[in-house]
Amino acid sequence: MRILIVEDDALLGDGLRAGLKQAGFTADWVRDGVSARLALETERFAAVVLDLGLPKLAGLDLLRQLRVAQDPVPVLILTARDAVADRIAGLDAGADDYLVKPCDLGELAARLRALIRRSAGRAAPAIEIGPLAVDPVAHAVTY
Ligand code: CA
C-alpha cells in the first residue's frame, strides 16, 4: 500500500517514511503543497499523511482543492496544531482523520490501515478471497 507523506520538516519526514516502511507501507515523501498536488495528479496513493503548515501551498488549501476535484483519497492530517477549532476545520475541509504531533508511529500505521480498508468498503481487517486470507496487520497470508 502506497502512502504519500507531505511534510516539510526533514527529520520528521524521514522518520515517518522509515516508520511507515517498517509497518509494511511503501511511502513517498514530498516537502511542499505544490509537489503534493502534482504527485496526487500523476500517481495513485492508498492514503495521504498531510501536514498543515507547508511551503507554497498550505495543507488545508491542498485538501480543499482535492475535494473540489472529487479526489476521494483518504487523508490523515498530522500536525502540531492541537486546538479543537483546527481539528474541526481539518475534518470539515475533507480530512478523514486527524492526529497531533508528536504521534506514535504504531497508532499512525493502524489509523492508515483503518482508513484504507474503509475506503475499499471493508470493515474487517483481513482480506479473504476464496480460501486465501491476507492479514495486513500481521503481514500474514494463509491458504
Ligand atoms: Ca510543517
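Because the structure is a prediction, the values reported are computed rather than measured.

A. Representation of the sheet that holds strand E2 (residues 26–30). Strand order in this open sheet of 5 strands is E2-E1-E3-E4-E5, and the pairing throughout is parallel. The strands lining the two open edges of the sheet, one partner per strand, are E2 and strand E5 (97–100). The average undirected angle you get between the axes of adjacent strands in this sheet is 20°. Inspection of the sheet shows strand E3 (residues 47–50) paired to strand E4 (residues 75–79) by 3 bridges, in the parallel sense. Within E4, the residue paired with Val49 across the bridge is Leu76. Where helix H5 (residues 105–119) meets the sheet, its contacts fall on strand E1 (2–6), E3, E4 and E5, and the angle it forms with E5 comes to roughly 175°.

B. Spotlight on the pattern of salt bridges. Summed over all chains, the structure comprises 10 salt bridges. Notably, a salt bridge pairs Glu43 with Arg2, separated by 3.1 Å at the nearest N-O pair. Of this pair, Glu43 sits in the loop between helix H2 (33–42) and E3 while Arg2 sits in strand E1, placing them 41 residues apart in sequence. We classify Glu43 as partly exposed; its relative accessible area is 38%. Judged by relative accessible area, which is 27%, Arg2 ranks as partly exposed.

C. Focus on the coordination of the calcium ion. The coordination sphere of the calcium ion, as far as protein atoms go, consists of Asp8 (OD), Asp51 (OD) and Gly53 (O), spread over 2.1 to 2.3 Å. Taken in sequence order, the residues that donate to the calcium ion follow the motif D-x42-D-x1-G. With Asp8 in the loop between E1 and helix H1 (10–22) and Gly53 in the loop between E3 and helix H3 (59–68), this pair connects stretches of sequence that are 45 residues apart. Accessibility expressed as a relative area gives 33% for Asp8, which makes it partly exposed. Judged by its relative accessible area of 33%, Gly53 is partly exposed.

Procedures and definitions
Counting restarts for each chain: residues are numbered from 1 in the order of the written sequence. In view of the model being predicted, local features appear only for residues whose pLDDT reaches at least 70, and side-chain atom pairs are presented and counted only at 80 or more, with totals across whole chains, interfaces and linings using the full set of residues. Computation of side-chain values covers all heavy atoms of the structure but excludes hydrogens and water. Whether two strands pair comes down to DSSP finding at least two bridges between them. Put simply, DSSP marks the helices as runs of H or I at least four residues long and the strands as runs of E at least two long, and each gets a number from the N terminus on. Angles run from 0 to 180 degrees between N-to-C directions of axes, and those axes are lines fitted to C-alpha atoms, restricted for helices to the stretch in contact. Any pair of residues with heavy atoms lying within 4.5 Å of one another is described as a contacting pair. What counts as a salt bridge is simple: a side-chain nitrogen of Lys or Arg found within 4 Å of a carboxyl oxygen of Asp or Glu. Residue burial is assigned from relative accessible area. The probe radius is 1.4 Å, only protein chains are included, and a residue is buried under 20% of its type maximum, exposed over 50%, and partly exposed in between. The donor set covers N, O and S atoms within 2.8 Å of the metal, switching to 3.2 Å for Na, K and Ca, and it leaves out water, so a site may look short of donors.

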